[in-house]
Amino acid sequence: MIEPDPSAPVSAGEAPSDVPPAGSPAGEAADGTADGGLASFGYRDVPKAEKAGLVRDVFESVAPRYDLMNDLMSGGVHRLWKNALIDVVNPRPGEKLLDVAGGTGDIAFRLLRRVEEKGGEGAAADVTVCDINAAMLGMGRDRAINRGLLRGLTWTTGDAEKLPFPDRSFDAYTIAFGLRNVTDIDLALGEAFRVLKPGGRYYCLEFSKVTSAPVGRVYDAYSERALPFFGRIVARDAESYRYLHESIRRFPSQRDLAARLGRAGFTQVAWRNMTLGVVALHSGWRI
Ligand SMILES: C[S@@+](CC[C@H](N)C(=O)[O-])C[C@H]1O[C@@H](n2cnc3c(N)ncnc32)[C@H](O)[C@@H]1O
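Residues numbered from 1 in each chain as written. Predicted model: local features only at pLDDT ≥ 70, side-chain atom pairs only at ≥ 80, totals over all residues.

> Quick rundown of the overall build of the protein chain? Include the residues and the values.
Check the secondary structure of the protein chain and you find 9 helices and 9 strands. Residues counted as buried form 46% of the 287 residues belonging to the protein chain. When contacts within the protein chain are restricted to residue pairs at least 6 apart in sequence, long-range pairs at least 24 apart make up 73% of them. (Helix = DSSP H or I, 4+ residues; strand = E, 2+ residues; numbered from the N terminus. Buried ≥ 20, exposed ≤ 12 C-beta atoms within 10 Å, placed from the backbone. Contact = placed C-beta atoms within 7 Å.)

> Help me get a handle on the site of the ligand, residues and values and all.
Residues in contact with the ligand amount to 21 residues; listed here are only the nearest, Ala101, Gly103, Asn133, Ala160 and Asn181. Counting residues per element, the ones that place at least two in the shell around the ligand are helix H1 (48–62) and helix H4 (106–119). Looking at which element gives the most residues to the shell around the ligand, the answer is H1, with 3 residues. Of the residues contributing to the shell around the ligand, the split by class is 12 nonpolar, 5 polar and 4 charged. (Near = placed C-beta within 6 Å. Nonpolar A, V, L, I, M, F, W, Y, C, P; charged D, E, K, R; others polar.)

> A description of the pairing of strand S7 (residues 196–207) should follow, citing residues and the corresponding values.
Within S7, 9 of the 12 residues are buried, which leaves the element mostly enclosed by the surrounding structure. Note that strand S6 (residues 170–176) and S7 share 6 bridges and pair parallel. For Ala172, the partnering residue across the bridge sits in S7 and is Arg201. In this region the chain leaves S6, passes through helix H6 (residues 185–195) and returns to the parallel neighbour S7; the handedness of that crossover is right-handed. One ladder, built from 8 bridges, connects S7 with strand S9 (residues 279–286); its direction is antiparallel. (Pairing = 2+ DSSP bridges. Right-handed = clockwise from strand over helix to strand, strands pointing away.)

> Outline the sheet that holds strand S8 (residues 267–274), supporting the account with residue identities and numerical values.
A sheet is described by the order of its strands in space; here 7 strands give the open sequence S5-S4-S3-S6-S7-S9-S8, paired in mixed fashion. Two strands in the sheet have a free side with no partner beyond their single neighbour: strand S5 (153–157) and S8. Pairs of neighbouring strands in the sheet enclose a mean axial angle of 15°, with direction left out of account. Note: S8 against S9, 6 bridges, orientation antiparallel. For Asn273, the partnering residue across the bridge sits in S9 and is Ala280. The strands touched by helix H9 (residues 254–263) within the sheet are S8 and S9, with S8 carrying the most contacts at an inclination of about 160°. (Axes fitted to C-alpha atoms, helices over the stretch in contact; angles between N-to-C directions.)

These figures capture arrangement, not role.
In structure tokens form, the structure reads like this:
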């Protein structure tokens, strides 16, 4: 895999990928979600009211092996993508930071560490991790205790579509590999806008559309087979990992997601592809 270049800026209007994912399922809406009162759950369309529960079951099941599986499935590259996100967020002491769909804390720990590097030991870090799934947060809390990360972190159970925070309360919002799991992406973007202070920054790291058709086909074949295979062997749960593969295929393209950020009110919306668009980092400002 190609490593992201953390020094490369996230630039507005970066050449988007128009290459569709190989073999997009028939009947899929252009925005990667299902029509009407339905939401996409993998390749199935389910009533919107059911999706959050199904997603919760997936992460309940994968939580104990989640971190090991991330390393196995990505060959460790997810660490580089996450480090690149932190470089771009560039968190500073004194800022209030929110990591939504924060799961087992990978992004929050990195934010905390970066603030401490900047301000020295004891620098005032303030990172809130919010996730809909208590099992994932529980794994995160255990990891934090094991690492001696006791200050500057708040763990909150909550839905990205209905965040339990007041308006205009954070300087930066991150969501990594979480947005494709929410039922209504536009609601989640609206909530992100609401809780950011004017001048606040939004960042979304998510699987996206590969920019090279041949590489896309290889990647797609790999993820279609490898994710359920590792899921079966390591987590004893092939189905949940099949869902992850399918949810990646149905997520909106770089260009579509950027347009939706704009509609949610963000300005200076931009994205940057990593590993040929396997992952994209979108950003925007609330002015
Ligand atoms: C693939 S994990 C990503 C975890 C972490 N951000 C990381 O990068 O390692 C996706 C996370 O999204 C959470 N999630 C799914 N739907 C959510 C929602 N509507 N609101 C908040 N979190 C949600 C899941 O519980 C899970 O922890």
